[in-house]
Amino acid sequence: MPSGREPPSKIQGFVLDSRVGQGGQGQVWKAHVAGEPDELRALKLIDVAEASADDKGRLRREAEALHRLNNKSIVRCHGTVEDYDGGWLALILDWIEGEPLSQAQDREEM
């Protein structure tokens, strides 16, 4: 279960703008590269205190798998952040504008 703890406003070169979701593994935040407000990213954050060794390994494997894939239909991964002092791990992804999948599914069911 992901932590209810809020991350700091900045994590290793990224400024967190707004939380856009929370799931079984962690939180997803819209962020931008510090000093570059137009360089948007999605950061999937995992609270280190709440994460098992398997959760940490899964995040690294997800980053490695996404990094190897090169297809316009798959979001690009820029790597990971491991901020053990602050207590957060992050998967760094391109920010894709759009609507949440849940909204698209609701619209299709109408």
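Residues numbered from 1 in each chain as written. Predicted model: local features only at pLDDT ≥ 70, side-chain atom pairs only at ≥ 80, totals over all residues. Heavy atoms only, no water.

**Student:** Before we move on, can you summarise the pairing of strand E3 (residues 27–33) with the specific residues and values?
**Tutor:** Relative to E3, strand E2 (residues 14–22) runs antiparallel, the two sharing 7 bridges. Residue pairing across strands places valine 15 opposite histidine 32, the latter belonging to E3. Hairpin connection from E2 to E3: 4 residues lie between these consecutive antiparallel strands. Of the pairings in the sheet, the one linking E3 to strand E4 (residues 36–47) comprises 7 bridges and is antiparallel in character. What sits directly across from glutamine 27, in E4, is leucine 45. What sits between E3 and E4 in their antiparallel hairpin is a turn of 2 residues, with glycine 35 showing a positive phi close to 80°. (Pairing = 2+ DSSP bridges. Helix = DSSP H or I, 4+ residues; strand = E, 2+ residues; numbered from the N terminus.)

**Student:** Please set out helix H1 (residues 53–68) residue by residue, giving values where relevant.
**Tutor:** Taking 1.5 Å of rise per residue, the 16 residues of H1 would be expected to cover 22 Å, and the 23 Å separating its terminal C-alpha atoms lies within 8% of that figure. Listed as buried for H1 are Asp55, Gly57, Leu59, Ala63 and Leu66. Tucked into the core, H1 has its buried residues touching E4, strand E5 (77–83) and strand E6 (88–94). (Expected span 1.5 Å × (residues − 1). Buried < 20%, exposed > 50% of the residue type's maximum accessible area, 1.4 Å probe, protein only. Contact = heavy atoms within 4.5 Å.)

**Student:** Describe the pairing of E2, and please don't skip the residues or the numbers.
**Tutor:** Relative to E2, strand E1 (residues 10–11) runs antiparallel, the two being bridged by 2 bridges. The residue of E2 that forms the bridge with isoleucine 11 is phenylalanine 14. Counted between consecutive antiparallel strands, the loop separating E1 from E2 contains 2 residues, among which glutamine 12 sits at a positive phi close to 35°.

**Student:** Talk me through the confidence of the model for the chain; I want residue IDs and the actual numbers.
**Tutor:** Taken over all residues, the pLDDT of the chain has a mean of 88, while the share at 70 or more is 95%. Highest mean pLDDT in the chain belongs to E3 (96); lowest belongs to helix H2 (residues 101–109) (77). (pLDDT = per-residue confidence, 0-100.)

**Student:** Break down the pattern of salt bridges for me, with residues and values.
**Tutor:** Under the counting rule described, the total for this entry stands at 11 salt bridges. Glutamate 97 is the partner of lysine 30 in a salt bridge, and the nearest nitrogen-oxygen pair spans 3.5 Å. Of this pair, lysine 30 sits in strand E3 while glutamate 97 sits in the loop between E6 and H2, and the two are 67 residues apart along the sequence. On the basis of relative accessibility, which here comes to 22%, the residue lysine 30 falls in the partly exposed class. (Salt bridge = Lys/Arg side-chain N within 4 Å of Asp/Glu carboxyl O.)

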